[in-house]
Amino acid sequence: MAHTKSTREGGGTARLPAVTATLAALLLLAVSIVGQVAAGADYPAVPPGVVIPLGAAVLLLWRTNRWTIGLPLAVGLLIGVGALVTPNTGDHLASGDTALVVSTVAELVALAGLVVAAAAAALLWKGARD
């Protein structure tokens, strides 16, 4: 039996806390991008920063294994590097627009949390058969 779920009173299931934190960070990342779009940031009509984290969250919810735990880690690292090297992040933070600053800070917090949580989940994963 994999360690991602364990029986709890009432017959429900509980996820590994690091997996739950990974899911929360993926959702915060997507919401932060929606906040940036709402604040007027320039994004494509369908922002990849929303679609990719939500897709990773769906896969992680659908089947938690080493591969679906590793995917959010890669997402966090790739989008995080993009956020650090693009001038948009600095422009957003220096804009003076409260909504844009708050949503950009939320994005950076989500990215840092995502990398830490997904790395912890990958290290703690003890699934016998992925």
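Residues numbered from 1 in each chain as written. Predicted model: local features only at pLDDT ≥ 70, side-chain atom pairs only at ≥ 80, totals over all residues. Heavy atoms only, no water.

Trainee: Can you help me understand the overall build of the chain in this one?
Mentor: For the chain, the count of helices and strands is 5 helices and 2 strands. Each helix and strand of the chain, placed in order from N terminus to C terminus, yields the pattern β-β-α-α-α-α-α. Each of the 130 residues in the chain was classed as buried or not, and the buried ones make up 34%. Of the contacts made within the chain by residues no fewer than 6 positions apart, 67% connect residues no fewer than 24 positions apart. Element-wise, carbon and sulfur atoms account for 70% of the exposed surface of the chain, whose accessible area totals about 7300 Å². (Helix = DSSP H or I, 4+ residues; strand = E, 2+ residues; numbered from the N terminus. Buried < 20%, exposed > 50% of the residue type's maximum accessible area, 1.4 Å probe, protein only. Contact = heavy atoms within 4.5 Å. Areas by Shrake-Rupley, 256 points an atom, 1.4 Å probe, with all protein chains shown as cover.)

Trainee: Would you explain the nonpolar core in this entry?
Mentor: When a protein is soluble and globular, its nonpolar side chains tend to lie buried together. Ranked by internal contacts, the top residues of the largest apolar core, which has 18 residues, are V19, I69 and L114. Listed by contribution, the elements that provide at least two residues to this core are α1 (17-38), α2 (48-62), α3 (66-85) and α5 (98-124). With 6 residues, the top contributor of residues to this core is α1. If near-sequence neighbours (up to four positions away) are discounted, V19 is found in contact with L60, T64, I69 and A121. (Core = buried A, V, L, I, M, F, W, Y, C linked by side-chain atoms within 4.5 Å.)

Trainee: Explanation requested: α1 in the structure shown.
Mentor: Helical geometry: 3.6 residues make up each α-helical turn, so side chains three or four residues apart lie on a common side. Taking 1.5 Å of rise per residue, the 22 residues of α1 would be expected to cover 32 Å, and the 31 Å separating its terminal C-alpha atoms lies within 8% of that figure. Where α1 is concerned, the buried positions are A18, V19, T22, L23, A25, L26, L29, A30, S32, I33 and Q36. On its buried face, α1 is in contact with α2, α3, α4 (87-94) and α5. A positive backbone phi angle near 105° is found at G40, which sits one or two residues after α1. (Expected span 1.5 Å × (residues − 1).)

Trainee: When you look at the environment of A39 in this model, what are you seeing that I'm missing?
Mentor: Along the chain, A39 falls in the loop between α1 and α2. The sequence separation of A39 and L100 amounts to 61 residues, and the corresponding C-alpha distance is 5.4 Å. Apart from the residues within four sequence positions on either side, A39 is in contact with D97, A99 and L100.

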